[in-house]
Amino acid sequence: MDYQLLGLVICLLVWAVLVIRKERCHESARRHASVGHKKTASPPPCGGATSVTAGAKAVAVGGQHLPTGLAPPRVICEAGSRAWTHHDPVARLDAYRGVRSRCIDRMVQFIKDASASGTVAIDVRRFFFLMSFNLIGNLVFSKDLLDPNSEKGGEFFCHTEKIMELVAKPNVADFLPILRRFDLQGIKRETHFHMKPVFEITGGFIRERMETTAGGCAEEKSRDYMDVLLEFRGDGAEQPLSFSSTSINTTILEMFIAGTDTTTTTLEWAMAELLHNPRTLQKLQAELRIVVKLNQKLEEKHVENLPYLKAVIKETLRLHPPLPFLVPHRAMDSCDMLGYHIPKETQILVNVRAIGRDPQIWETPLEFKPERFLKPNIVDYKGHHFEFIPFGSGRRMCPAVPLASRVLPMALGSILLAFDWIFADKMDPLEMDMSEQMGITLRKAILLKAVAIPHNE
Ligand code: HEM
């Protein structure tokens, strides 16, 4: 405890010194302002109070890159993401429809089992997490990692879950990079501890795969993301000739980190907002029960006819973008923007949460009103409408938008069709705690707990 206090005091002192130095630099820059600089305004805060998400870097890029900054890992991630884009274009997504549906069915079954007594409130987030984790496990390894028969899968799940928790933890070193080497909160040390077994397990899966596919490519119909990474051949210039096992391990871990928490957090917020707004919940369940006939289950083909369901997902992403500052970007060159000078290497964080709540763009921005997305000429999240970019935009945009836009409505719609949801203690929905917990992902601070009552049983 004393060490933590001491660390905090040192941080504050170093921070004060840096701020004074930075202010002096800005002052001198203002005095020597060159063409394009706005002489009257000081630069926007970069890498200061808005650097909260940088803790992700420590994990997403693999511990081996920690001290070197963003540049080297971005190369790996970019190649990995590109491989993902090749692996998962819209056409191929159809081939995985069965896998998605199976993972969602299992989630519904897990909820049924957990709610067997009928009165116990369940931790809804946990079930979304299991579903998204198993889904990515299937897309990457073609394995049900959470199958009770898969011992390695269970171990992989425990360590990855821990790593994700560490990713979400605010890290003082992200505010003050000078402190990175001291690892005051032990985040780096703990992350390394959990990454070792994760890499051992993925290494084992890779070896297993190389043995089974020795002498040829995996058959097209059974190719998963690991096959794509193993078969990748780059030009040796901008891309590597092939991926080393370290790069493959890192990229796979990145997929789990990037895909699981974002999906889970969005679904938990969607359920929280629906329970907080019972009329919206009723309206959505009515839409679902008209389109999907009694005793049928929700299928992807139904989603096209469920505009309100899609609007609920969009409204959730507007109010609660799971990555509120996207993933940190870095200016490759100096540039001038809106009258401000951005020096080369500046870390840029885009505050999509603030954009989604800007009263100049959105009417009654703090209200959960999916109806706003039913209007003609509505905005979409594909990166062209800058007032709504929960997946980012441009080259570094999330490569999994087509996947997420299928999974999110299917997962939410399925559990709303299968169950009616109530609070265990008859709590007034207006009294629900809707506060956020700041981290790399913007989770709900208090876990959502609700009772699932099987519908029509
Ligand atoms: C609700 C669902 C999701 C949301 C809101 C979301 C959002 C984002 C955002 C904002 C970024 C950073 C974009 C930027 O900085 O400009 C990103 C990157 C990324 N996402 Fe997603 N994501 C979601 C689901 C997924 C899933 C399911 C996967 C994988 C299976 C995935 C894989 C990735 C990867 C690999 C990157 C890094 C891309 C790069 O560095 O070039 N995401 N995502």
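Residues numbered from 1 in each chain as written. Predicted model: local features only at pLDDT ≥ 70, side-chain atom pairs only at ≥ 80, totals over all residues.

### Here's the deal with the overall build of the protein
- Counting its secondary structure elements, the protein contains 16 helices and nine strands.
- Buried positions account for 36% of the 457 residues belonging to the protein.
- Nonlocal contacts in the protein, meaning residues at least 24 apart in sequence, comprise 73% of its contacts between residues at least 6 apart. (Helix = DSSP H or I, 4+ residues; strand = E, 2+ residues; numbered from the N terminus. Buried ≥ 20, exposed ≤ 12 C-beta atoms within 10 Å, placed from the backbone. Contact = placed C-beta atoms within 7 Å.)

### Overview of the site of the ligand
- Lining the immediate surroundings of the ligand are 27 residues, of which Ala-258, Gly-259, Gly-392, Cys-398 and Ala-400 lie closest.
- Among the elements of the structure, helix H3 (71–87), helix H11 (245–276) and helix H16 (401–418) are those that each provide at least two residues to the shell around the ligand.
- The class makeup of the residues in the shell around the ligand is 17 nonpolar, seven polar and three charged. (Near = placed C-beta within 6 Å. Nonpolar A, V, L, I, M, F, W, Y, C, P; charged D, E, K, R; others polar.)

### Section: the nonpolar core
- The biggest cluster of nonpolar side chains holds 85 residues, and the ones touching the most others in it are Met-107, Met-131, Val-140, Ala-270, Ala-411, Leu-412 and Ile-415.
- Tallying contributions element by element places H11 first for this core, with 13 residues.
- Other than its neighbours up to four places away in sequence, Met-131 contacts Cys-103, Ile-104, Met-107 and Ala-411. (Core = buried A, V, L, I, M, F, W, Y, C linked by C-beta atoms within 7 Å.)

### Some points on the packing of H11 against H16
- Running from N to C, H11 and H16 point in directions that differ by 40 degrees, and their axes come no closer than 10 Å. Comparing their axes, H16 and H11 come out oblique. Seen along the crossing, H11 lies across H16 with a hand that is right-handed. Along its contact with H11, which presents Thr-263, Thr-266, Leu-267 and Ala-270, the element H16 presents Ala-404, Val-407, Leu-408, Ala-411 and Leu-412.
- Its residues assigned to classes, the contact of H11 with H16 comprises seven nonpolar, two polar and no charged. (Axes fitted to C-alpha atoms, helices over the stretch in contact; angles between N-to-C directions. Parallel < 35°, antiparallel > 145°, perpendicular 65-115°, else oblique. Left-handed = near helix turned anticlockwise from the far one by under 90°.)

### Some thoughts on the sheet that holds strand S1 (residues 122–123)
- With antiparallel pairing, three strands are arranged side by side in an open sheet as S1-S9-S6. Two strands close off the open sheet at either side, each with one partner strand: S1 and strand S6 (419–422).
- Here two bridges tie S1 to strand S9 (residues 449–454), and the two strands are oriented antiparallel to one another. Residue pairing in the sheet places Asp-123 in a bridge with Lys-449 of S9. (Pairing = 2+ DSSP bridges.)

### Re helix H14 (residues 307–319)
- Under the 1.5 Å per step criterion, the end-to-end length of H14 is 18 Å for 13 residues, consistent within 8% with the ideal 18 Å.
- With eleven of its 13 residues buried, H14 lies for the most part within the structure.
- Among the residues of H14, Leu-309, Lys-310, Ala-311, Val-312, Ile-313, Lys-314, Glu-315, Thr-316, Leu-317, Arg-318 and Leu-319 are the ones counted as buried.
- Looking at the buried positions of H14, the neighbouring elements they touch are H11, helix H12 (278–291), helix H13 (300–303), helix H15 (352–356) and H16. (Expected span 1.5 Å × (residues − 1).)

### Thoughts on the environment of Phe-325
- In this structure, Phe-325 sits in the loop between H14 and strand S2 (329–330).
- Using a count of 22 C-beta atoms within 10 Å as the deciding quantity, one classes Phe-325 as buried.
- Here the alpha-carbon distance between Phe-325 and Asn-351, two residues 26 residues apart in the chain, equals 4.6 Å.

### Concerning the packing of helix H6 (residues 124–141) against H11
- Their axes nearest at 8 Å, the elements H6 and H11 cross at an angle of 145 degrees. Crossing handedness for the pair H6 and H11: right-handed. Where H6 abuts H11, its residues Val-124, Arg-125, Phe-128, Phe-129, Ser-132, Phe-133, Ile-136 and Val-140 lie against Ile-252, Met-255, Phe-256, Gly-259, Thr-260, Thr-263, Thr-264, Leu-267, Glu-268 and Met-271.
- Taken together, the residues of the contact of H6 with H11 sort by class into eleven nonpolar, five polar and two charged.

### Brief notes about the environment of Tyr-308
- In this structure, Tyr-308 sits in helix H14.
- Spatially, the C-alpha atoms of Tyr-308 and Glu-287 are 7.3 Å apart, while their sequence positions differ by 21 residues.

### Describing H16
- Spanning 18 residues, H16 covers 26 Å between terminal C-alpha atoms, matching the ideal 26 Å at 1.5 Å per step.
- Here H16 lies mainly inside the structure; 13 of its 18 residues are buried.

### Some points on the pairing of S9
- Where S6 lies against S9, four bridges are found, and the strand directions are antiparallel. Across the sheet, residue Phe-419 finds its bridge partner in S9, namely Pro-454.

### As for unusual backbone geometry
- Even without being a glycine, Asp-183 presents a positive backbone phi close to 45 degrees.
- Mapping Asp-183 onto the fold places it in the loop between helix H8 (172–175) and helix H9 (187–212).
- Under the C-beta neighbour-count criterion, Asp-183 is labelled partly exposed, with 18 such atoms within 10 Å.
- One non-glycine residue, Asn-295, lies in positive phi territory at about 65 degrees.
- Position of Asn-295 relative to the elements: it lies in the loop between H12 and H13.
- When the 6 C-beta atoms within 10 Å are taken as the criterion, Asn-295 is described as exposed.

### Things to note about the environment of Ile-415
- Here Ile-415 lies in helix H16.
- Since 22 C-beta atoms lie within 10 Å of it, Ile-415 is described here as buried.
- Sequence spacing of Ile-415 and Ala-452 is 37 residues, and the spatial spacing of their C-alpha atoms is 8.8 Å.

### Here's the deal with the confidence of the model for the protein
- Looking at the protein, the pLDDT average stands at 79 and 77% of residues meet or exceed 70.
- H14 holds the highest mean pLDDT among the elements of the protein, 98, whereas helix H2 (residues 55–60) holds the lowest, 27.
- This stretch, residues 23–77, has a pLDDT under 50; its non-local contacts, to residues over four places away or in other chains, come to 80 contacts. (pLDDT = per-residue confidence, 0-100.)

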